[in-house]
Amino acid sequence: MMSVRLVRLPAAAAGAVLLLALSPAAARAAAAHAADSACDRAVAAADKAEHDYEALKDGINRQIADGGHPDRSELQALQDADALRVATASQARRSCGA
């Protein structure tokens, strides 16, 4: 008789876990976790784009301060980095709900 209870208890526990896993609250928690992950990825991309833009801008400013003149490709790269910075910041706001 004792061995039957030991077998049924884990089965009952497994059933309870399965029931909880299929509940709407668990589904919402999983969706929230996925949203947090998407938000984290979007924020990381926005931070990287901001860093890259600032690095390019600082390089061009140093070049100008040293008496140099940035060429067209350097200015285009700065514009492209700025566009990416704006786009990734916008995506982060959408992904994070803010």
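What counts, and where the lines are drawn
Residues numbered from 1 in each chain as written. Predicted model: local features only at pLDDT ≥ 70, side-chain atom pairs only at ≥ 80, totals over all residues. Heavy atoms only, no water. Helix = DSSP H or I, 4+ residues; strand = E, 2+ residues; numbered from the N terminus. Buried < 20%, exposed > 50% of the residue type's maximum accessible area, 1.4 Å probe, protein only. Contact = heavy atoms within 4.5 Å. Areas by Shrake-Rupley, 256 points an atom, 1.4 Å probe, with all protein chains shown as cover. Expected span 1.5 Å × (residues − 1). pLDDT = per-residue confidence, 0-100. Salt bridge = Lys/Arg side-chain N within 4 Å of Asp/Glu carboxyl O.

### Topic: the overall build of the protein
Phase 1: Of the regular secondary structure elements, the protein holds 3 helices and 0 strands.
Phase 2: Counting from the amino terminus, the protein carries its helices and strands in the arrangement α-α-α.
Phase 3: Residue burial in the protein is summarised as follows: out of 98 residues, 12% are buried.
Phase 4: Within the protein, contacts between residues at least 6 apart in sequence are counted, and of these 66% link residues at least 24 apart.
Phase 5: Roughly 7,400 Å² of accessible area belongs to the protein as shown, and the carbon and sulfur atoms make up 65% of that amount.

### What about helix H3 (residues 72-96)?
An α-helical segment advances 3.6 residues per turn. Residues three or four places apart therefore align on the same side.
Phase 1: For H3, which comprises 25 residues, the first-to-last C-alpha distance of 36 Å matches the rise-based estimate of 36 Å (1.5 Å per residue) to within 8%.
Phase 2: Once H3 ends, the next one or two residues include Gly97, with phi positive near 75°.

### Thoughts on the confidence of the model for the protein
Phase 1: When pLDDT is averaged across the protein, the result is 80; 63% of the residues are at 70 or more.
Phase 2: Across the protein, element-level confidence peaks in H3 with a mean pLDDT of 97 and bottoms out in helix H1 (residues 2-21) with 49.

### Description of the pattern of salt bridges
Phase 1: All told, the structure shown has 4 salt bridges when counted by the stated rule.
Phase 2: Note that Arg85 and Glu50 form a salt bridge whose closest N and O atoms lie 3.5 Å from each other. Within this pair, whereas Arg85 is found in helix H3, its partner Glu50 is found in helix H2 (residues 24-65), the two being separated by 35 residues in sequence.
Phase 3: A relative accessible area of 30% means that Glu50 is categorised as partly exposed.
Phase 4: Across the pair Arg85 and Asp82 runs a salt bridge, and its minimum N-O distance is 2.5 Å. In this pair, Arg85 and Asp82 are both assigned in helix H3, 3 residues apart and thus about one turn of the helix distant.
Phase 5: Residue classification places Arg85 among the partly exposed residues on the basis of a relative accessible area of 23%.

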